[in-house]
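Listed below, chain by chain, are the residues.
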Amino acid sequence: MTPQNELDQLQHALQQLRSDDIRVGNFAQLAAQQHSLEAALPARFNEVQLQLLNRLESAALFTEESCSFSQKELLDSLQLWIDKAQLQLQKT
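Below is a short write-up of the structure. All of these numbers come straight from a predicted model, not from anything done at the bench.

So, about the pattern of salt bridges. In the structure shown here, the tally under the stated rule is 2 salt bridges. Across the salt bridge formed by Asp 76 and Arg 18, the nearest N and O atoms sit 3.0 Å from each other. Placement of Asp 76 in helix 5 (residues 71-91) and of Arg 18 in helix 1 (residues 3-18) is noted, with a sequence separation of 58 residues between them. Asp 76 sits in the partly exposed class, given a relative accessible area of 32%. For Asp 76, the salt bridge identified is with Lys 72, shortest N-O distance 2.8 Å. Placement of the pair is Asp 76 and Lys 72 together in helix 5, with a separation of 4 residues, close to one helical turn. Beyond isolated ion pairs, a larger network of salt bridges with shared partners links Arg 18, Lys 72 and Asp 76.

Helix 5 packs onto helix 1 with a crossing angle of 165° between their chain directions and a minimal axis gap of 11 Å. Put simply, helix 1 runs roughly antiparallel to helix 5. Taken as a pair, helix 1 and helix 5 cross one another with a handedness that is left-handed. Listed contacts from helix 5 to Pro 3, Gln 4, Leu 7, Leu 10, Gln 11, Leu 14, Leu 17 and Arg 18 of helix 1 are Leu 75, Asp 76, Leu 78, Gln 79, Trp 81, Ile 82, Ala 85, Gln 86 and Leu 89.

Procedures and definitions
- Residues numbered from 1 in each chain as written.
- Predicted model: local features only at pLDDT ≥ 70, side-chain atom pairs only at ≥ 80, totals over all residues.
- Heavy atoms only, no water.
- Salt bridge = Lys/Arg side-chain N within 4 Å of Asp/Glu carboxyl O.
- Helix = DSSP H or I, 4+ residues; strand = E, 2+ residues; numbered from the N terminus.
- Buried < 20%, exposed > 50% of the residue type's maximum accessible area, 1.4 Å probe, protein only.
- Axes fitted to C-alpha atoms, helices over the stretch in contact; angles between N-to-C directions.
- Parallel < 35°, antiparallel > 145°, perpendicular 65-115°, else oblique.
- Left-handed = near helix turned anticlockwise from the far one by under 90°.
- Contact = heavy atoms within 4.5 Å.

Structure follows, in structure tokens:
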């Protein structure tokens, strides 16, 4: 699978996560399996993605009021990550 295909899969999964069609754990697992995308992006992208996924999984363990991470803000940050990854793929 190409890096672009994997990024498209991740975008689709993020949309599903926003609409509660998949769980955070499923999204995180899919993100971890995007090896072609990981190899095509600079290392800093992978570091940021891992941090966002860790926060998202932590936020999923608590209700919105008891967690310092807003799930909506984390999903927005993941969308920004996807957008920047798309730009990076277009450069190469």
